[in-house]
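# Examining the three-dimensional arrangement
Here are the chains, one letter per residue:
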Amino acid sequence: MDFDYAPAPESRSVVDIRSSYGLFVNGEFVDGGGKAFKTINPATEEVLAEVAEADAADVDRAVKAARRAYSRVWSRMSGAERGKYLFRIARIIQERAREIAVLESIDNGKPIKESRDVDIPTAAAHFFYYAGWADKLEHAGYGPDPQPLGVAGQVIPWNFPFLMLAWKIAPALATGNTVVLKPAETTPLTALLFAEICQQADLPPGVVNIVTGAGATGQALVAHEDVDKVAFTGSTDVGRAIAKAVAGSTKKVTLELGGKAANIVFDDAPIDQAVEGIVNGIFFNQGHVCCAGSRLLVQESVAEDVLERLKRRMGTLRVGDPLDKNTDVGAINSAEQLAKIRELSEVGEAEGAGRWSPPCELPDHGFWFPPTVFTGVTQAHRIAREEIFGPVLSVLTFRTPKEAVEKANNTPYGLSAGIWSDKGSRTLWMAGQLRAGVVWSNTFNKFDPASPFGGFKESGYGREGGRHGLEGYLR
Amino acid sequence: MSRIDVRKTYKLYIGGAFPRSESGRSYVVNDAKGKFLANASHASRKDARDAVKAARAAFGGWSRRTAYNRGQVVYRIAEVLEDRRDQFEAELRTAEGVTATRARTYVDASIDRLVWYAGWADKLAQVTGGANPVAGPYFNHTAPEPSGVVAVVAPDGPLLGLVSVIAPVIVTGNTTVVIASEPHPLTSITLAEVMATSDVPGGVVNILTGPQAEIAPWLASHMDVNGLDLTGVGDAELARNLEIAAADNLKRVRRPGVEELLAPPALDRMTRFQEAKTVWHPMGT
């Protein structure tokens, strides 16, 4: 059957991108001391805006503003009043949802159906959820009179720019901390739009500060001596460096790092549903997902059937314009990331795994990588061990549940896992055996503000979301 | 000649509509100075039964909504109440004769209380439920569920009292039939207008006005009511008789007691009308 789709592009007219952006410090946009950098649309390589780079002095000013806001305003305010600001922010995000979604897809390259239906509504829900905690902290199970830490330095990645901002800022503010946040250098625009939302909400100046820049800006923030809490989402290597940088200090740290999740399919699984879950697990957000199901472990007896159906399904994925409402797989976020995905895929081939992609036409400009599956992968292959962070799936097989557990746990990571089976007792047994912070059963990549998220082992420590998400911001 | 006011007719609030009492009765409500204010509906046994029917019909849909959605709806009540705060302040001053400052305090507290309860919608299960480490290969998990239809006798605080008893009951997924304060029933109908325009589905909150001693026994003995909140019952003998009637189908009863409405509430207004459900499931290959 041939499916023809007419183009269905979402209008860009809802966003208004300025030619240049400053830092957001103490409630105002200010110039940065570093060298301004460009943020581009990864689907077209079009330059979107120039963004200020915060140097160490800028970071210091932002931390001072956050400290002042903390001691003079935010830590003295009742939880109920703090909560009202967060409810306002949640409402403004809901009101401006389409604008934020379109801007996110332009700056990040992710399909509009994902930014519109997942990233932005979940971010609003996250603020709504933590708003409600602000005046209930004594009920959260962390002591009768929990207190904020002070100034939180937060560094977030480019894969879910606005959602990660929400995951960081909402619990920090609800618990009475103030924030200096650094968005990723390739995706700063929705964070800067969030700064405007803070202004619309009349949030007191200095409670949220946003400093843009690359690694050096992040390092200056994390190392700043007046920062009481460091929250980081990103690669395990940087997470390790942060853990070392804060050693010996009093800083509280939470890290949400890489992953190499096993998505485990048993022979009694509803196969079509499992195939949808495999596709969602690895091709959602171009595979730029720390908890992506990048290792498919499929029981030998159904491996052939699963692979055949998976390939057929991959053939119907629509790769292209992120703003097209029919697009399933958008652009790779940066040239750098594309190079990394290409390199590891070539290694996969060189090491002897079978590479396959459906025939698909990729646009001439921008950064693109087709949905790709590797078969005949062994545990020794680099594509089975290293996080690719792209639309690349490695397929391994197993015979018994025990073998599945062994293979799934054979990784330094431990962020997430998926189990596909109709047998509840085995699913729950597997969930108990897997060394991972989130286990999805007959579903994958589900996120909710009420549900804690975070990893075992080298996938980091601390949890974001839910009641557990408060702990990292309280003493 | 000065303009003649168009007065509001105060009716009941049942199933999202504003019917008069089927009995055709009403009673006089005076202001704080004893001057005639309005005729309020005098609800009958039939009205009470209609209200329970509406509450039961609404229970399935309301209790199955996500906690997040119920939180949003209760928060929306707060938004609309804030928007109409001047009207409520004026009503409190007329009905109770309180000062402008006092009226403002009560309206502030009522809005904030709705916000407080709204936030509980998707958190209470995380505080009262959880995993149970049983000594065997079983997954064992407890989560709260709403009891069902809860009848509430509201206290006299015309706005804060009413909000303080309604919000905790509905935010967890129950539906309710409320007997408003007998001397100050009018604000409850104005609050019903807020509910009717706040995305609260019809039947989730139903409000009856009239003598509590006459209406409450019909609700206490109604076999399709699951809970009974006696907060507003001042007469100890009446409270005892209502509790006895409630025992016929083992309604969950919250007894009346002295409480300072302005103080931060405890969790028991929510937990009293919840059931804990525990799920066992074996774990094994």
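Treat the numbers as computed from the prediction; the structure is a model and nothing was measured.

With that out of the way, let us pick up the overall build of chain B. Regarding its fold elements, chain B presents 10 helices and 10 strands. With the principal axes as the frame, chain B shows a C-alpha extent of 90 × 40 × 35 Å. Counting only residues that meet the buried cut, chain B has 51% of its 285 residues in that class. Expressed as a percentage of contacts within chain B between residues at least 6 apart in sequence, the contacts between residues at least 24 apart total 76%. Looking at chain B as shown, the accessible area adds up to about 12500 Å², and 53% of this sits on carbon and sulfur atoms. Charge separation in chain B, taken as the distance between the mean sites of 32 positive and 31 negative side-chain charges, equals 3 Å.

Turning to the side chain of A:Ser459, a few remarks are in order. All names here are of chain A. Among the structural elements, serine 459 can be located in the loop between β17 (438-441) and β18 (460-461). In this structure the side chain of serine 459 is engaged in a polar contact, spanning 2.8 Å, whose partner is the backbone nitrogen of glycine 414. Residue contacts for serine 459: discarding those within four places in its chain leaves Leu255, Glu256, Leu257, Gly258, Gly259, Pro412, Tyr413, Gly414 and Leu415.

This part covers the pairing of strand β9 (residues 229-233) of chain A. Two faces belong to every sheet, and in a regular strand the side chains alternate between them. Residues and elements named next belong to chain A. Most of β9 is tucked away: five of the five residues are buried. The alternating pattern of β9 places Lys229, Ala231 and Thr233 on one face and Val230 and Phe232 on the opposite face, and all of these are buried. Looking at chain direction, strand β6 (residues 151-155) and β9 are connected through four bridges and run parallel. Residue alanine 152 lies in a different strand from β9, and its bridge partner there is lysine 229. One ladder, built from five bridges, connects β9 with strand β10 (residues 252-256); its direction is parallel. Pairing of lysine 229 across the sheet is with lysine 252, part of β10. Taken together, β9, helix α8 (residues 236-245) and β10 form a β-α-β motif whose crossover is right-handed.

Looking now at the confidence of the model for chain B. Per-residue confidence for chain B gives a mean pLDDT of 97, with 100% of residues at or over 70. Per the prediction output, this complex has pTM 0.96; the corresponding ipTM is 0.93.

Next up on the list: the sheet that holds strand β3 (residues 130-131) of chain B. As a general point, the strands of a sheet are linked pairwise by backbone hydrogen bonds and lie either parallel or antiparallel. Residues and elements named next belong to chain B. Taking strand neighbours across the sheet as the criterion, the three strands line up as β3-β4-β10 in an open arrangement whose pairing is antiparallel. Each edge of the sheet is formed by a strand with only one pairing partner; in this case those strands are β3 and β10 (274-282). Taken together, the two bridges between β3 and strand β4 (residues 138-146) define a ladder with antiparallel strand orientation. Bridge pairing in β4 links alanine 131 to histidine 141.

With that settled, the discussion passes to the interface of chain A and chain B. Of the residues lining the interface, 26 residues belong to chain A; the matching set on chain B comes to 22 residues. At the junction of chain A with chain B, the criterion picks out two salt bridges. Here the residues of the side of chain A that touches chain B sort into 10 nonpolar, seven polar and nine charged.

Moving on: the pattern of salt bridges. Considering all chains together, one arrives at 46 salt bridges over all chains under this definition. In this structure, A:Arg91 and B:Glu79 form a salt bridge, with 2.9 Å as the shortest nitrogen-oxygen distance. With A:Arg91 in helix α2 (residues 79-95) and B:Glu79 in helix α2 (residues 67-83), this pair bridges two chains. As a salt-bridge pair, A:Lys136 and A:Asp135 come within 3.0 Å of each other at their nearest N and O atoms. Here the salt bridges share partners, and the residues they tie into one network are B:Asp229, B:Arg254, B:Glu259, B:Asp268 and B:Arg269.

Residues and elements named next belong to chain B. One can describe the packing of helix α8 (residues 212-220) onto helix α9 (residues 236-246) by two numbers: an axis separation of 8 Å at closest approach and a directional angle of 20°. Here α8 is positioned roughly parallel relative to α9, judged by the angle of their axes. Considering the relative orientation of α8 and α9, their crossing is right-handed. In this structure, α8 contributes Gln212, Ala213, Ala216, Pro217 and Ala220 to the contact, and α9 contributes Leu238, Leu242, Ala245 and Ala246. In the contact of α8 with α9, the residues fall into eight nonpolar, one polar and no charged.

Let us now look at helix α13 (residues 401-409) of chain A. Taken together, the buried positions of α13(A) are occupied by A:Pro401, A:Ala404, A:Val405, A:Lys407 and A:Ala408. Contact partners of the buried residues in α13(A): β11 (262-265), β12 (295-299), β15 (392-398) and α14 (424-433) of chain A.

For the rest of this paragraph, the subject is the nonpolar core. A:Ile93, A:Phe127, A:Phe194, A:Leu310 and B:Leu191 are the most contacted members of the largest nonpolar core, which totals 169 residues. The two domains that each donate at least three residues to this core are domain 1 (20-257 + 457-473) and domain 2 (262-441) of chain A.

To continue, consider unusual backbone geometry. Residues and elements named next belong to chain A. Here the phi dihedral of glutamate 45 falls at roughly 65°; this positive angle occurs in a residue that is not glycine. By the element assignment, glutamate 45 lies in the loop between β4 (37-40) and β5 (47-51). For glutamate 45, a relative accessible area of 39% translates into the label partly exposed. Non-glycine residue asparagine 442 carries a positive phi angle of around 55°. The topology assignment puts asparagine 442 in the loop between β17 and β18.

All names here are of chain A. One open sheet accounts for three strands, arranged β1-β5-β4; its pairing is mixed. Because the sheet does not close on itself, it has two edges, and the strands there are β1 (20-21) and β4. Taken together, the two bridges between β1 and β5 define a ladder with parallel strand orientation. Note on β5: the bridge partner recorded for serine 20 is glutamate 50. Contacting β1, β4 and β5, helix α6 (residues 189-200) crosses the sheet at an angle of about 60° to β5.

A few words on the environment of B:Gly119. Tracing the backbone shows B:Gly119 in helix α4 (residues 100-120). Residue classification places B:Gly119 among the buried residues on the basis of a relative accessible area of 2%. Along the chain, B:Gly119 and B:Arg70 lie 49 residues apart, while their C-alpha atoms are 9.6 Å from each other. Residues in contact with B:Gly119, not counting those within four places in the same chain, are A:Gly132 and A:Lys136.

This part takes up the packing of aromatic side chains. Evaluation of the coordinates by the stated rule reveals 23 aromatic pairs over all chains. If you follow A:Lys229 out to its NZ or CZ, it ends over the ring of A:Tyr473, 4.5 Å from the centre.

On to the pairing of strand β1 (residues 26-30) of chain B, then. Residues and elements named next belong to chain B. Here β1 shows one buried face, formed by Tyr27 and Val29, and one open face, formed by Ser26, Val28 and Asn30. Where β1 and strand β2 (residues 36-41) come together, five bridges link them in antiparallel fashion. Looking across to β2, one finds that asparagine 30 is bridged to phenylalanine 36. The loop that links β1 with its antiparallel partner β2 comprises five residues; one of these, glycine 34, has a positive phi angle of about 85°.

Residue and element names in this part refer to chain B. Contact pair helix α6 (residues 160-171) / helix α7 (residues 186-196): the axes reach a minimum separation of 10 Å and the direction vectors enclose 45°. Classified by the angle between their axes, α6 and α7 sit oblique to one another. Here the hand of the crossing between α6 and α7 comes out right-handed. Across from Leu162, Val163 and Ile166 in α6, the residues of α7 making contact are Ser188, Leu191 and Met195. Here the residues of the contact of α6 with α7 are counted per class, giving five nonpolar, one polar and no charged.

Scoring rules and cut-offs
- Residues numbered from 1 in each chain as written.
- Chains lettered and ligands numbered in written order.
- Predicted model: local features only at pLDDT ≥ 70, side-chain atom pairs only at ≥ 80, totals over all residues.
- Heavy atoms only, no water.
- Helix = DSSP H or I, 4+ residues; strand = E, 2+ residues; numbered from the N terminus.
- Buried < 20%, exposed > 50% of the residue type's maximum accessible area, 1.4 Å probe, protein only.
- Contact = heavy atoms within 4.5 Å.
- Areas by Shrake-Rupley, 256 points an atom, 1.4 Å probe, with all protein chains shown as cover.
- Lys, Arg positive; Asp, Glu negative; His and termini not counted.
- Charge placed at Lys NZ, Arg CZ, Asp CG, Glu CD.
- Polar contact = N/O pair within 3.5 Å; in protein donor to acceptor, adjacent residues only side chain to side chain.
- Pairing = 2+ DSSP bridges.
- Right-handed = clockwise from strand over helix to strand, strands pointing away.
- pLDDT = per-residue confidence, 0-100.
- Salt bridge = Lys/Arg side-chain N within 4 Å of Asp/Glu carboxyl O.
- Nonpolar A, V, L, I, M, F, W, Y, C, P; charged D, E, K, R; others polar.
- Axes fitted to C-alpha atoms, helices over the stretch in contact; angles between N-to-C directions.
- Parallel < 35°, antiparallel > 145°, perpendicular 65-115°, else oblique.
- Left-handed = near helix turned anticlockwise from the far one by under 90°.
- Core = buried A, V, L, I, M, F, W, Y, C linked by side-chain atoms within 4.5 Å.
- Domains from an automatic or database assignment.
- Phe/Tyr/Trp six-rings, centres within 6.5 Å; stacked < 30°, edge-to-face > 60°.
- Lys NZ or Arg CZ within 6 Å of the ring centre and 35° of its normal.

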